[in-house]
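Commentary on secondary and tertiary structure
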Amino acid sequence: MRWLQMRVEQLADQLDAAHARPGRAWAQDETAAEAAMSALAWGESYTVTLVDDDTVYVFTAQPNTGSEPLLPGREASWPA
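This report concerns the structure included in the present document. (Residues numbered from 1 in each chain as written. Predicted model: local features only at pLDDT ≥ 70, side-chain atom pairs only at ≥ 80, totals over all residues. Heavy atoms only, no water.)

For the rest of this paragraph, the subject is the nonpolar core. Within the largest apolar cluster, 15 residues are counted, with the highest numbers of intra-cluster contacts made by Leu4, Val8, Leu11, Trp26, Tyr46, Val48 and Phe59. Going through the elements one at a time, helix H1 (2-14), helix H2 (17-27), helix H3 (30-41) and strand E1 (46-51) are the ones with two or more residues in this core. At four residues, the largest contribution of residues to this core is made by H1. Apart from the residues lying within four places of it in its own chain, the contact partners of valine 8 are Gly23, Trp26, Val48, Leu50 and Phe59. (Core = buried A, V, L, I, M, F, W, Y, C linked by side-chain atoms within 4.5 Å. Buried < 20%, exposed > 50% of the residue type's maximum accessible area, 1.4 Å probe, protein only. Helix = DSSP H or I, 4+ residues; strand = E, 2+ residues; numbered from the N terminus. Contact = heavy atoms within 4.5 Å.)

So, on to H2. If you check which residues of H2 are buried, you get His19, Ala20, Gly23, Trp26 and Ala27. Down the axis of H2, the smallest arc covering the buried residues is 120°, so these residues share one side. In this structure, H2 carries Ala17, Ala18, Arg21 and Pro22 as exposed residues pointing more than 90 degrees from its buried face. Its buried side turned inward, H2 meets H1, H3 and E1. (Arc of directions from axis to C-beta.)

As a further point, take the pattern of salt bridges. Taken as a whole and assessed by the stated rule, the structure comprises two salt bridges. Residues glutamate 9 and arginine 24 are paired through a salt bridge, measuring 3.2 Å at the closest nitrogen-oxygen approach. Here arginine 24 lies in helix H2 and glutamate 9 lies in helix H1, a separation of 15 residues in the sequence. For arginine 24, a relative accessible area of 28% gives the class partly exposed. What you see here is one network of salt bridges that share partners, running through Glu9, Asp13 and Arg24. (Salt bridge = Lys/Arg side-chain N within 4 Å of Asp/Glu carboxyl O.)

Attention now moves to H1. Counted at 1.5 Å a residue, the expected span for H1 with its 13 residues is 18 Å, and the 19 Å between its end C-alpha atoms agrees. Within H1 the residues assigned to the buried category are Leu4, Gln5, Val8, Leu11 and Ala12. One side of H1 carries all its buried residues, which in axial view fall inside an arc of 130°. Facing away from the buried side of H1, by more than 90 degrees, are the exposed residues Arg2, Trp3, Asp13 and Gln14. Elements that come into contact with the buried residues of H1 comprise H2, H3, E1 and strand E2 (56-61). (Expected span 1.5 Å × (residues − 1).)

Following this line, the structure appears as structure tokens:
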């Protein structure tokens, strides 16, 4: 969840103020974070979409299923 919030904030830093506002609001909204965590806990994906004039940015988080690829040099699967 923190990664998703961080990436949305980083993208918002690159957009003009009007297009950045929804992303910043989402990243700071505790209710949105709770909804995302709830969806993930129920095994559902969670998506955040930001729109610029010509581009749509989509960030998706999904729960760890155990079938994620192994990280190079690690024995554990992809971090949850």
